[in-house]
Structure formats: C-alpha cells, structure tokens
Amino acid sequence: PAGVTIFSMFQQNTELMALVAEIMGTSPSLAEHLGKHPQVLEGVLTRDFFSGLPDLAFLEKDIEQILSMALDYEDILDLTRKWARDRRFQAGIHILKALSPASGTGRYLADIAHAALTALLPHVKAEFRQQHGTFKTGDFGLIALGGFGSADMTVSSDLDLVAVYAPPLNEETSSGIKPLSPAQYYIRLTQRLLTALTAPTAEGKLYDVDLRLRPSGNDGPLAVSIESFIDYQKKNAWIWEHMCLLRGRVVAGSNEFKQKIDQGIIT
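Each residue is numbered by its place in its chain's sequence as written, counting from 1. For a predicted model such as this one, the threshold for reporting local features is a pLDDT of at least 70, and the threshold for listing and counting side-chain atom pairs is 80 or more; totals across whole chains, interfaces and linings nevertheless cover every residue. With hydrogens and water excluded, all non-hydrogen atoms of the structure serve as input to the side-chain values.

### Some points on the environment of A237
In DSSP terms, a helix is any run of H or I states spanning at least four residues, a strand is any run of E spanning at least two, and both are numbered starting from the N terminus. Relative to the elements of secondary structure, A237 occurs in the loop between α10 (226–235) and α11 (239–245). Per-residue accessibility, obtained with a 1.4 Å probe over protein chains only, is compared with the maximum for each type, and a residue is labelled buried under 20%, exposed over 50%, and partly exposed between these values. Relative accessible area serves as the criterion here: at 16%, A237 is assigned to the buried category. For the pair A237 and R247, spaced 10 residues apart in sequence, the C-alpha to C-alpha distance is 16 Å. In this description, contact between two residues means that some pair of their heavy atoms is separated by no more than 4.5 Å. Every residue in contact with A237, bar those within four places of it in the chain, is listed here: Y232 and H242.

Next up, the structure:
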C-alpha cells in the first residue's frame with residue numbers, strides 16, 4: 001500500500017521514472033537517500049526545482065514559514081528535518097545533472113544548514129527556558145568551522161561547531177524553576193541544541209555535529225566563554241587550530257556578540 005502514491009506519481013509524471021533510473025544508475029548515495037525517503041520526489045514536481053538554487057535569505061523565509069505551522073516542539077524538529085532533507089536532495093540532483101556549478105551547490109548546502117540551525121535555535125532556547133529560565137544579560141553564539149564555515153559543504157557533510165557565550169553580568173544563577181550557573185546553563189543549552197540536531201525522530205536526524213574543534217577538544221566543556229575562547233587561542237591553541245579558524249564564521253548570536261566573536265577570531 002505504501003507504494004501506491006509513488007506509482008501514481010510515476011503514472012502522472014512519466015519524466016520522474018527517467019530521473020529515478022538516472023539516480024539509481026549513477027549515484028549510490030542519492031539512491032540510498034531516495035530509498036529511505038521516497039517522499040522527496042514530491043519536491044521534484046515543484047516549479048523551481050530545476051531552476052537556479054535560492055539564496056540564504058529565501059531559505060530563511062521559507063523555513064520560517066514552514067515552522068510557523070508546527071503544532072509543538074516535536075513537530076518543529078520533524079518539520080526542520082523534512083525541510084532540510086528535501087533541500088539537500090535538490091542540491092544532490094543539481095550536482096548529478098550539472099545544473100549548478102560545484103561552488104554554487106557547496107554554498108547552497110551550507111546555506112541550508114545555516115537556515116535550519118538558526119531557525120531551530122530559538123525554539124531550542126524557548127524549550128530550555130521552560131525549566132531553567134534565562135538571564136537578563138549574557139549571550140550565546142555559534143562558530144561554524146570546516147566545510148560549514150567556509151560554505152563549501154557536500155550532501156553528507158556534518159556541522160563543525162564551537163559554542164561560545166558572553167557571561168551575564170552580576171547574575172549567579174538563571175531565573176527558572178531549576179536555576180543553573182552561567183557555565184552550566186550554556187553547556188546544557190549546547191547539549192540541548194546538539195540533541196535537537198542529531199537525535200533520530202520520525203523524520204530521522206537533521207545533521208551529525210562535530211564539536212571536537214572547541215578549545216581543548218573532547219576534554220573541554222561543550223560551551224566556553226568568549227574570554228576563555230580568545231585566551232585559549234592566544235596562549236594554548238596549536239597552529240592547526242589557528243588554521244581551522246581561517247574557515248570560521250559566526251552563524252548565531254546577536255549582532256553585537258557576533259562582532260565580538262569575529263574580533264576574537266581575527267586577533
């Protein structure tokens with residue numbers, strides 16, 4: 001019974017069969033993806049699927065509109081996964097059929113990740129605040145490294161991230177029913193975001209995430225203060241860690257905090 005919809009699509013859109021045959025014959029990774037998620041074929045029927053790939057601003061508006069229909073937090077996680085999966089499949093088809101240059105698809109894939117991450121983060125924060133509250137001051141930001149940072153991702157790329165925060169001023173604990181110290185708060189918020197990105201739901205997982213490029217690697221906390229981050233880079237970081245920062249860019253945080261992180265990366 002699950003195949004009825006697919007066969008109906010083939011019957012009404014005969015060009016889909018040729019596309020599926022091309023995928024099965026030339027791209028094992030896309031074929032596996034299609035086998036697990038045949039519903040992505042619905043996106044092929046949209047008017048702009050084979051036209052130029054949209055920019056980040058369009059993607060941000062698109063996912064914001066999609067998430068506005070979510071019923072609850074779990075729905076947000078599922079809708080984000082489905083949206084990103086459909087968009088990545090579009091990128092894969094553009095690569096397969098040489099519809100867009102490699103540099104364009106690499107940036108498009110990074111823009112998909114950027115839009116999904118920044119759309120999901122406020123909902124993760126809101127869910128986290130229900131138990132642990134918030135601070136009147138302070139801030140939280142994310143640095144993208146690797147292919148994500150340089151906007152040169154592939155369909156199977158993970159997200160290299162470093163979480164940093166600006167400690168709140170004169171606030172020892174958060175305001176929630178289960179208050180936390182600033183360090184605990186931002187470490188657990190990072191863990192909550194990591195779960196939102198990587199935990200399997202009915203729609204699978206959103207992305208694999210690699211946090212090993214944070215200060216001190218796996219031995220370091222999941223989130224560090226901006227002062228600790230800058231101090232580590234100046235005094236203790238290895239040359240290869242400085243080299244990683246050459247591909248770094250800030251993808252989340254207030255404008256003021258982004259500028260502070262950027263300055264820390266440069267110096």
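### Regarding the packing of aromatic side chains
Each Phe, Tyr or Trp ring (for Trp, its six-membered ring) is paired with any other whose centre lies within 6.5 Å, and the angle between the two planes then decides the class: stacked below 30 degrees, edge-to-face above 60, tilted in between. A complete count under the given rule lists 8 aromatic pairs for this structure. Taken together, F128, F135, F140, Y165, Y185 and Y186 form an aromatic cluster joined through their ring pairs. Charge over a ring is defined by NZ of Lys or CZ of Arg lying within 6 Å of the ring centre and within 35 degrees of the ring normal. In this structure, R88 packs its charged tip against the face of Y207, placed 4.7 Å from the ring centre.

### Topic: the packing of helix α6 (residues 73–96) against helix α9 (residues 182–198)
The relative placement of two packed helices is expressed as an angle between their axes plus a distance between the axes. For helices, the fitted line uses only the C-alpha atoms of the stretch in contact; every axis is such a line through C-alpha atoms, and the angle between N-to-C directions lies from 0 to 180 degrees. Two elements in contact, α6 and α9, have axes separated by 9 Å at closest approach and are oriented at 55°. As summarised for this structure, α6 and α9 are arranged oblique, according to the angle between their axes. Contacts between α6 and α9 involve Y73, L77 and R81 on the former and, on the latter, T195, A196, L197 and T198. Small angles under 35 degrees read as roughly parallel and large ones over 145 as roughly antiparallel, with 65 to 115 read as roughly perpendicular and the rest as oblique.

### Some thoughts on the pattern of salt bridges
Just to be clear on terms, a salt bridge is a Lys or Arg side-chain nitrogen sitting within 4 Å of an Asp or Glu carboxyl oxygen. Summed over the entire model, instances satisfying the criterion amount to 9 salt bridges. A salt bridge links D86 to K82; the shortest N-O distance between them is 3.2 Å. Placement of both D86 and K82 in helix α6 is noted, with a separation of 4 residues, approximately one turn of the helix. Judged by its relative accessible area of 24%, D86 is partly exposed. Among the residues examined, K82 registers a relative accessible area of 31% and is labelled partly exposed. Of the charged contacts in the structure, one is a salt bridge between E227 and K260, with a shortest N-O distance of 3.4 Å.

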